[in-house]
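Chain residues, written in single-letter form:
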Amino acid sequence: MAGRSLRRGLSATVRSSVTGVASSTSKFTDELKSAPEIGVNLDNTQKLFASISTLKLIKSIITLRLVGMKCTTEFGSWALNPNRMADPLWRKMVLGATERTFYDHFCAGKDLEAAAVTVEALRRDGLYAMLDYGLEHADDNLSCDENLSEFLRTIDAASSSSLPVSFVVVKITAICPPRLLKRVSDLLRWEYRDHNSSINLPWKLKTLPIFSDSSPFYHTPKKPDSLTKHEEDELNLAYERFSKICNKSTESNIPLLVDAEDTSIQPAIDYFTYSAAIQYSSKGNKDKVPFIYNTIQAYLKDASHRLVAAKKAADEMRIPLGFKLVRGAYMSSENKSASDKGAESPIHSCIEETHSRYNNCAEFLLQEIANGSGFTVLATHNIESGKLAARKACDLGIERGSQSLQFAQLYGMAEVLSYGLRNAGFRVSKYLPFGPVEQIIPYLMRRAEENRGMLSTSVVDRKLMSEEVFRRMKSLGS
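What comes next concerns the included structure. (Residues numbered from 1 in each chain as written. Predicted model: local features only at pLDDT ≥ 70, side-chain atom pairs only at ≥ 80, totals over all residues. Heavy atoms only, no water.)

## Observations concerning the overall build of the chain
In step 1: Within the chain, the regular secondary structure consists of 20 helices and 8 strands.
In step 2: Pairs at least 24 residues apart make up 81% of the contacts formed inside the chain by residues separated by at least 6 positions.
In step 3: For the chain, the exposed surface amounts to about 20800 Å²; the carbon and sulfur share of it is 54%. (Helix = DSSP H or I, 4+ residues; strand = E, 2+ residues; numbered from the N terminus. Contact = heavy atoms within 4.5 Å. Areas by Shrake-Rupley, 256 points an atom, 1.4 Å probe, with all protein chains shown as cover.)

As structure tokens, this is what we get:
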């Protein structure tokens, strides 16, 4: 009842806010084309790459070219076939080649000690680190408990050093089995759709809005069974794990950034995140600075509605909550899942619409910062979006270097944008996965398979890096 009352009370405000966000599309984009440059200069390659050695530039050019090729992904899938990897010699060759190429370029190292070296290098470059121990899905409670220990160790390491760690990244799928997250998501979806309240969720904690009327509901075609006693116990264990992570985060003053997943389980991810934000807000937060950030994927058609609804509800409850805005990383699997179920894809039909929605959501979040209640990480590799957001932040009077606004890119990618924003005075973090090579391979494959379009945009990085290499070679010869 409380959830539906909150939904009805917010609906008018959310519709107004979302309409405002959507109506600003052309105006916001036109600003990029007509306004003069405000500090983000990507033309001076000598200044952009001043801290990067020529050898590293050359290696980056080659690696980015390889990883953007379709044949590389296809060969990787062939080479990593479980039957082939069962051969010890083949496994050693593949892992060795991966470590010396893609792993070395996109990852920080095998453990926290190696990651600290990379973070220190980022510090020298004026960048921050988002530490992400490379855990994917856990299928049982033993694996979840082991993963919990790694998350706690990562927070401890981040807090016990003077290294510039902006966030520790948390994957809920690493501490709660995805099958259970799917069950919870199904029940939450059905509760939202069932206005007669015929479903009972005794385990449910107080949370923020998770859905909008435009959210994808095809994952739950019929009323799901209630959680069994065993499933409720498992859910309680998962939430206890997350609570331990949240406690460690608040004690250590290291904020958490919760990664997004695909739409089949994302409702449960949002539920974990928002209920924790509420729970730990009640424990007192004098500075009103969020300790937890949720991730919004702008390529989803319901993204702006869910973002505005959650932010407005959090403001009404006086709960500090941060958001990381991304475009999204599950395009292939989302489209396939919808097609298999005979449903419309939850993703925008063209990349231009995704770009537009990303920029709209970014403007909304920047306006919230200017109003005094926003905390945002704008994660983008798109140069136009990065420059546009930087300009809008300046127009709104947001202080450069403010902790309320950070930009972020994956480690080893979008270096031009990262260093350009850094040179302009903004806080920039690199998403820094670390862990054993064999553990990180799923991450590397996902980067290639789900983000080939994004990887192809690395042509700008390759072009400017090449120009800088040639400039250096020419200067040596003169």
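Read on for the rest.
## A few points about the sheet that holds strand 3 (residues 256-258)
In step 1: Strand order in this closed barrel of 8 strands is 1-2-3-4-5-6-7-8, and the pairing throughout is parallel. Sheet twist, expressed as the mean angle between neighbouring strand axes with direction ignored, is 30 degrees.
In step 2: Relative to strand 7 (residues 405-410), strand 6 (residues 376-379) is paired through 4 bridges, and the arrangement is parallel. Considered in strand 7, the bridge of A379 is made with A408.
In step 3: In the packing of helix 9 (residues 141-159) onto the sheet, contacts are made with strand 1 (128-133), strand 2 (165-170), strand 3 and strand 8 (427-434), and the angle to strand 2 comes to roughly 175 degrees. (Pairing = 2+ DSSP bridges. Axes fitted to C-alpha atoms, helices over the stretch in contact; angles between N-to-C directions.)

## Examining the packing of aromatic side chains
In step 1: Counted by the stated rule, this structure contains 14 aromatic pairs.
In step 2: Ring centres of F75 and W78 lie 5.6 Å apart, and the angle between their planes is 35 degrees; this geometry places the pair in the tilted category. Of this pair, F75 and W78 both sit in helix 5 (residues 70-79), 3 residues apart, roughly one helical turn.
In step 3: Using a relative accessible area of 51% as the deciding quantity, one classes F75 as exposed.
In step 4: By relative accessible area, W78 is classed as partly exposed at 40%. (Phe/Tyr/Trp six-rings, centres within 6.5 Å; stacked < 30°, edge-to-face > 60°. Buried < 20%, exposed > 50% of the residue type's maximum accessible area, 1.4 Å probe, protein only.)

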